[in-house]
Amino acid sequence: MKHSFSASLLAAFLAASSLYAQEFKVGSPVTDFSVTKLDGSPAQFSQLKGNVTLVMFISVQCPVSNAYDDRMTALYNDYAAKGVKFVVLNANRTEPPAPVRQHASEHAFPFSVYKDENNVVADRFGATVTPETYVIDSTGVLRYHGSIDDSQNLSRVTTQRLRMALDAVLAGKEPIQTETKALGCSIKRAPKS
Amino acid sequence: MTRRGLLLACAARALAAAPSLIPLDELAFRRMVTSHRGKILLVDFWATWCSPCREELPKLVDLYTAQKSKGFDLTTISCDEPEQQASAAHFLQTQRTPEPAYIRHATSDDAFINAIDPKWSGALPALFLFDRKGAVIQSFIGETDMKLLEKTINKALAS
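Residues numbered from 1 in each chain as written. Chains lettered and ligands numbered in written order. Predicted model: local features only at pLDDT ≥ 70, side-chain atom pairs only at ≥ 80, totals over all residues.

**A look at the overall build of chain A**
A tally of regular secondary structure across chain A gives seven helices and nine strands. A burial count over chain A gives 39% of its 193 residues as buried. Of the contacts made within chain A by residues no fewer than 6 positions apart, 75% connect residues no fewer than 24 positions apart. (Helix = DSSP H or I, 4+ residues; strand = E, 2+ residues; numbered from the N terminus. Buried ≥ 20, exposed ≤ 12 C-beta atoms within 10 Å, placed from the backbone. Contact = placed C-beta atoms within 7 Å.)

**Digging into the interface of chain B and chain A**
The interface of chain B with chain A comprises 21 residues on the first partner and 20 residues on the second. Elements represented by at least two residues in the side of chain B that touches chain A include exactly α5 (109-116), β5 (123-124), β7 (136-141) and α6 (146-158) of chain B. With four residues, the single largest contributor to the side of chain B that touches chain A is α5 of chain B. Residue composition of the side of chain B that touches chain A, by class: ten nonpolar, six polar and five charged. Across two bridges, the pairing between strand β9 (residues 184-186) of chain A and β5 of chain B is parallel. Within the sheet, the bridge partner assigned to Gly 184 of chain A lies in β5 of chain B and is Ala 123 of chain B. (Nonpolar A, V, L, I, M, F, W, Y, C, P; charged D, E, K, R; others polar. Pairing = 2+ DSSP bridges.)

**A short note on unusual backbone geometry**
Residues and elements named next belong to chain A. The peptide bond linking Thr 130 to Pro 131 adopts the cis configuration, its omega dihedral lying at -5°. Here Pro 131 is to be found in the loop between β6 (129-130) and β7 (132-136). With phi around 50°, Ala 108 is a residue other than glycine that occupies positive phi space. Phi angles above zero are rare outside glycine, and Asn 118 is one such case at about 60°. Among the residues examined, Asn 118 registers 14 C-beta atoms within 10 Å and is labelled partly exposed.

**A few points about the sheet that holds strand β2 (residues 40-46) of chain B**
All names here are of chain B. What the six strands build is an open sheet, ordered β1-β4-β3-β2-β6-β7; its pairing is mixed. Two strands in the sheet have a free side with no partner beyond their single neighbour: β1 (22-24) and β7. Between one strand and the next, the sheet's axes are offset by a mean angle of 25°, whatever the strand orientation. The sheet contact formed by strand β6 (residues 126-130) and β7 spans five bridges and is antiparallel. By the bridge assignment for β7, Phe 130 is matched with Val 136. Relative to β1, helix α2 (residues 26-35) is tilted by about 110°, and along the sheet it contacts β1, β2, β3 (72-78) and β6. (Axes fitted to C-alpha atoms, helices over the stretch in contact; angles between N-to-C directions.)

**Points about the sheet that holds β5 of chain B**
The strands that make up a sheet are held in pairs by hydrogen bonds between backbone atoms, and each pair lies either parallel or antiparallel. Strand order in the open sheet formed by three strands is β6(A)-β9(A)-β5(B), and the pairing between neighbours is mixed. Strands at the two margins of the open sheet, each flanked by one partner only, are β6 of chain A together with β5 of chain B.

**A few points about helix α4 (residues 85-95) of chain B**
For α4 of chain B, the complete set of buried residues consists of Ala 88, Ala 89, Phe 91 and Leu 92 of chain B. Looking down the long axis of α4 of chain B, one finds its buried residues gathered within 160° of arc, a one-sided arrangement. (Arc of directions from axis to C-beta.)

**A look at the confidence of the model for chain B**
In the predicted model, chain B carries a mean pLDDT of 91, and the fraction of residues at 70 or more is 88%. Both scores are given for the predicted complex: the pTM is 0.88, the ipTM 0.85. (pLDDT = per-residue confidence, 0-100.)

**Let's talk about the environment of Val 35 of chain A**
All names here are of chain A. Residue placement: Val 35 occurs in strand β1 (residues 34-36). For the pair formed by Val 35 and Val 169, sequence separation is 134 residues and the distance between their alpha carbons is 24 Å. If we ignore the near neighbours within four places in the chain, the residues touching Val 35 are Ala 43, Phe 45, Leu 89, Tyr 114, Lys 115, Asp 116 and Val 121.

**Remarks on the nonpolar core**
Core analysis: the biggest nonpolar cluster contains 86 residues, and Leu 89 and Val 135 of chain A together with Leu 124 of chain B have the highest contact counts within it. Here the element with the most residues in this core is β2 of chain B; it accounts for six residues. In this structure, Leu 89 of chain A is in contact with Val 35, Val 55, Met 56, Phe 57, Tyr 114, Asp 116 and Val 121 of chain A, ignoring residues within four places of it in sequence. (Core = buried A, V, L, I, M, F, W, Y, C linked by C-beta atoms within 7 Å.)

This is how it looks when you write it as structure tokens:
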């Protein structure tokens, strides 16, 4: 019985692993991918990226992601002028384009938000939580993966993790922290066939 | 007493009666898991801001109620911020979750998350199923497939 239990657990683990086959890892290149504009037309990462690119997964409904709405705008206002391109994605199957558009409008986001249909891009990045961010350097290599800072409560933030990573990558340096974590809402993935 | 006053009094009494949550860091987590040795333990990391967590908690309590006599334990760890502790405790009270219940009290979420499982991103809901020796059998991150969870618990209890 123990053997069959272990075998079934292994099968479940392998099945789960194949659902989230992370392709882009820190230190490795990020190849091209497709996203969908909120009007339904396609866009390519290769056309959206810049010298330094921030890919960020956000949510309409997640209170943690929403706690960062103003901080995301402040990030854009501070770093777009330095040449950082923002590719902001919504991969939740539960959040179709209309509420994503309304949410972006209500919060006056200065950046475009794209849909990641069927969380294909989230799978390639291994993104599982909102908000979750990735910084890609001028050579196309992923240099930082993780949280925006260390507390969803702005008054308790002690380390500006993403800003430190962006500053380092803009200066052509390795971020001090390349992988960080924070609690947040799981990305609501489309069921796999 | 007016109807509004009565409602406020009832609400205040309910909040006052809500159990306090025990602060828990990485070391306390390991001690807590160890204290359940000999039983199959399901640890539920949840938060009041996590809608799927709130939706699945009653189902976890149902599982616990059905299986506790077979050696199954359920422990909840709130990942709420300190200012949300009272509403977290009140919610647990309404769900009749087993006590004691815990609230994350870590100086670093990075260290806390990695101590639980280096593969866990911090996404909620997050369930971790432990065997009778305190080793992780399986984790369920994000919306939980309750049938798979129940099946896994039953197999663990039978092993």
